[in-house]
Amino acid sequence: MDADAQLMLEFQRGDRKAFEALFRRHGRAMVNFAYKYVHDRAAAEELAQDIFCRVFEAAGAYKADAKFTIWLYRIATNHCLNEVRKGRYGVREVSLETGGRGDDGEASALALPDHGPTPEAGAAQREFQRELDASLAALPDNQRLAMLLLVDGGQSYDDIAASMKTTVSAVKSLLVRARATLKEKLSPHLEGDHALR
Amino acid sequence: MHFADEQLGAFVDGELPRAEAEAVRAHLGECADCRGTVNMLERVNAAVREAEIDPSPEFEARALAKLRALPLPRRPWLRLLGFEGRRFMPAMAAASLFVVIAVGYRNWQPSSDAARLDDVEVAEHADFLEDYELIEELDVIEDIDKVPG
């Protein structure tokens, strides 16, 4: 049994500290998952907080034979989809002109690990970050969600299909379209020997 | 011949059956176009995966405060039996206990199968019960202690 499942079992027996440990293990990942979905830091933190409240309340239904992260991302998917459908969080446009900053001046660009030791490489990396941010934001909701569940959530096609309540072939189609868009937008940055190296 | 983007994507994601994955791997050794596509898909995945924001410094404290304010979730099996819920239900809990004890006692009886077979035999000859006058006279049995051995 993995550490997450063990913590969930301890929480099911009433140990709140075990749940707090789970939050500390996965809180940051949930903020990032939500951020890449709604492209707004405050909204992402609120979504992540609400996702953990849902997990807390549904903990009694968790069975240790299921991988915790699959279960977590399933709840996260449902919550993000529901909240966005309610119109509570609009996906914010991220434009290159604003330099990845919102109206409040808050930095919204995703930060890649620093691979650029030279000023030129640093500038290329920042430009790539803004393009990635804008490209993810521009994807249709379901394509972006499938991509995030695959890459951030580490989920299989079957798990993504279950989380999104659709078929595996639909998931494959969503991923092909999402990747085609990302490839088109990011290829000028990815083809050179910068940004990611 | 090139593999479709969907197949190459599934290859990168580790979703192809082993034989098909081997075929793609062999093809990549010969086809620069497909190798370029796979490389691009891997780099897109890596870019999305590695891109992160730092949550605000207040995020953890705020979220933990909200979680600490939540009541502990109820355990479904206890709720089902009436021991937990919005309010404790003594009648439901008592009924649950009675059922558990009754079922346990019935299953615990060591000669229950034999007893059931005896019951069948008695039932097959139960017509004598219609002659209940005979039974009424059996009240002497109440004085069985007085019967000389």
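Residues numbered from 1 in each chain as written. Chains lettered and ligands numbered in written order. Predicted model: local features only at pLDDT ≥ 70, side-chain atom pairs only at ≥ 80, totals over all residues. Heavy atoms only, no water.

The helix and strand tally for chain A stands at eight helices and zero strands. Each helix and strand of chain A, ordered N terminal to C terminal, gives the series α-α-α-α-α-α-α-α. With 197 residues in all, chain A has 52% of them scored as buried. Long-range contacts, defined here as pairs at least 24 residues apart, represent 64% of the contacts in chain A between residues at least 6 apart. Summed over its atoms, the accessible surface of chain A is roughly 8600 Å², and 49% of this surface lies on carbon and sulfur atoms. (Helix = DSSP H or I, 4+ residues; strand = E, 2+ residues; numbered from the N terminus. Buried < 20%, exposed > 50% of the residue type's maximum accessible area, 1.4 Å probe, protein only. Contact = heavy atoms within 4.5 Å. Areas by Shrake-Rupley, 256 points an atom, 1.4 Å probe, with all protein chains shown as cover.)

Residues and elements named next belong to chain B. Residues at a pLDDT of 70 or more form 58% of chain B, whose mean pLDDT is 73. Across residues 117-144, confidence stays below pLDDT 50; counting only partners more than four residues off in sequence or on other chains, it has one contact. Reported for the predicted complex are a pTM of 0.68 and an ipTM of 0.76. (pLDDT = per-residue confidence, 0-100.)

Where helix α3 (residues 41-58) of chain A contacts helix α4 (residues 59-68) of chain B, the axes come no closer than 10 Å and their chain directions differ by 30°. On the basis of the axis angle, α3(A) is roughly parallel to α4(B). Judged by the sense of rotation from one axis to the other, the crossing of α3(A) with α4(B) is right-handed. For the pair α3(A) and α4(B), the contacting residues are E45(A), A48(A), Q49(A), D50(A), F52(A), C53(A) and F56(A) in the first and F59(B), R62(B), A63(B), K66(B) and L67(B) in the second. Considering only residue class, the contact of α3(A) with α4(B) consists of seven nonpolar, one polar and four charged. (Axes fitted to C-alpha atoms, helices over the stretch in contact; angles between N-to-C directions. Parallel < 35°, antiparallel > 145°, perpendicular 65-115°, else oblique. Left-handed = near helix turned anticlockwise from the far one by under 90°. Nonpolar A, V, L, I, M, F, W, Y, C, P; charged D, E, K, R; others polar.)

Right, let's get into α3(A). All names here are of chain A. In this model, α3 (18 residues) spans 26 Å end to end at C-alpha, consistent with the 26 Å of a helix rising 1.5 Å per residue. With 13 of 18 residues buried, α3 lies mostly within the body of the structure. The residue sitting at the N-terminus of α3 and contributing the capping side-chain oxygen is D40; that oxygen lies 3.2 Å from the backbone nitrogen of A42. (Expected span 1.5 Å × (residues − 1). Polar contact = N/O pair within 3.5 Å; in protein donor to acceptor, adjacent residues only side chain to side chain.)

With that out of the way, let us pick up a nonpolar patch on the surface. Judged by side-chain polarity, F98(B), V99(B) and V103(B) come together as a nonpolar surface patch covering roughly 310 Å² of accessible area. Within the secondary structure, F98(B) is located in helix α6 (residues 90-108). (Patch = residues over 30% accessible without salt bridge, like charges linked within 9 Å, V, L, I, M, F, W, Y side chains within 5 Å. Salt bridge = Lys/Arg side-chain N within 4 Å of Asp/Glu carboxyl O.)

This paragraph deals with the environment of I70(A). Residue and element names in this part refer to chain A. Within the secondary structure layout, I70 lies in helix α4 (residues 68-85). Classification of I70 by relative accessible area gives buried; the value is 15%. Separated by 89 residues in sequence, I70 and D159 place their C-alpha atoms 7.2 Å apart. Setting aside anything within four residues of it in sequence, one finds I70 in contact with Q155 and D159.

In this section: unusual backbone geometry. All names here are of chain A. Not every positive phi belongs to a glycine, and H39 is a case in point at roughly 60°. Assignment of secondary structure puts H39 in the loop between α2 (16-38) and α3. Phi is positive for K165, close to 55°, though the residue is something other than glycine. In this fold, K165 is placed in the loop between α7 (157-163) and α8 (168-191). Under the relative-accessibility criterion, K165 is labelled exposed at 66%.

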